[in-house]
Amino acid sequence: SFLPVIYGTRNILSFVDVQNYNTPPLEGLDGNYYMPDTADYYVAMTEMLLHGFHVGGNPKAFFPPLPPQKVAVGFLVGRSKLKDIQESLRYIVTGKPFGGEYKLMRKSGYRNFDGAMFWNIQADWRENYRFSNSVGPLLHGFPAIRR
């Protein structure tokens, strides 16, 4: 139900945060299903907005891609493993595989992608900002590889 809203506001939208938690296994662009809370899942679900997809598999209903700088990926602190977060973000941005099952449709990655969100900040605070302190520098370091 959010797709029409995202589509209708795509030109004025600051960003969309892909909620990659509290969901069942879902189908990626490659037709395979991926388990939540894995790097493959984070990459596959995020790439749907980055690459575009046929809504409900209908070839006549294509949701066009959003610019990478308008897409962020959401993680659940406490359940998301830091290693999976780091691997998925590196792969999305650089296109350099981490050994997972899902293969990006755009093999070179999405260089202008630079967003991550954690639900909720109190959980990260309780862990001494372990996630923020790891992911922030990781994302801020990507501009160097974009040149």
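Quick note: structure is the one above.
The following paragraphs examine the structure supplied in this document.

1. Comments concerning the packing of aromatic side chains
Next up, step 1: As enumerated under the stated definition, the model contains 7 aromatic pairs in all.
Next up, step 2: Ring centres 4.8 Å apart and planes at 85° place the aromatic pair tyrosine 42 and phenylalanine 75 in the edge-to-face group. On the criterion of sequence distance, the pair formed by tyrosine 42 in helix α2 (residues 39-51) and phenylalanine 75 in strand β6 (residues 71-76) is long-range, its members being 33 residues apart. Comparing tyrosine 42 with phenylalanine 75 shows no difference in burial state: the two are buried.
Next up, step 3: An angle of 35° between the planes, with centres 6.0 Å apart, marks the rings of phenylalanine 75 and phenylalanine 118 as tilted. Placement of the pair is phenylalanine 75 in strand β6 and phenylalanine 118 in strand β7 (residues 116-119), with a sequence separation of 43 residues.
Next up, step 4: Of the residues examined, phenylalanine 75 reaches a relative accessible area of 0% and is grouped as buried.
Next up, step 5: The exposure class assigned to phenylalanine 118 is buried, which follows from its relative accessible area of 15%.

2. Regarding the sheet that holds β7
Next up, step 1: Taken together, 3 strands build an open sheet; the order of strands is β1-β6-β7 and the sheet is parallel. What marks the edges here is a single partner per strand, and that holds for β1 (16-19) and β7. Taken pair by pair, the neighbouring strands of this sheet meet at an average axis angle of 30°, ignoring direction.
Next up, step 2: Sheet contacts for α2: β1 and β6; angle to β6, the most-contacted strand, approximately 155°.

3. Notes on helix α3 (residues 82-94)
The periodicity of an α-helix, 3.6 residues per turn, causes residues three or four positions apart to be oriented the same way.
Next up, step 1: The end-to-end C-alpha separation of α3 is 18 Å, in line with the 18 Å expected for 13 residues at 1.5 Å each.
Next up, step 2: Burial runs high along α3: 10 of the 13 residues are buried.
Next up, step 3: Taken together, the buried positions of α3 are Leu82, Asp84, Ile85, Glu87, Ser88, Leu89, Tyr91, Ile92, Val93 and Thr94.
Next up, step 4: Looking one or two places after α3, you find glycine 95, whose phi comes out positive at around 80°.

4. Things to note about the nonpolar core
Next up, step 1: Formed by 36 residues in total, the largest nonpolar core has its most connected members in Leu49, Ile85, Leu89 and Phe113.
Next up, step 2: If you list the elements that add at least two residues to this core, you get β1, α2, β6, α3 and α5 (130-141).

The rules behind each value
- Residues numbered from 1 in each chain as written.
- Predicted model: local features only at pLDDT ≥ 70, side-chain atom pairs only at ≥ 80, totals over all residues.
- Heavy atoms only, no water.
- Phe/Tyr/Trp six-rings, centres within 6.5 Å; stacked < 30°, edge-to-face > 60°.
- Helix = DSSP H or I, 4+ residues; strand = E, 2+ residues; numbered from the N terminus.
- Buried < 20%, exposed > 50% of the residue type's maximum accessible area, 1.4 Å probe, protein only.
- Pairing = 2+ DSSP bridges.
- Axes fitted to C-alpha atoms, helices over the stretch in contact; angles between N-to-C directions.
- Contact = heavy atoms within 4.5 Å.
- Expected span 1.5 Å × (residues − 1).
- Core = buried A, V, L, I, M, F, W, Y, C linked by side-chain atoms within 4.5 Å.

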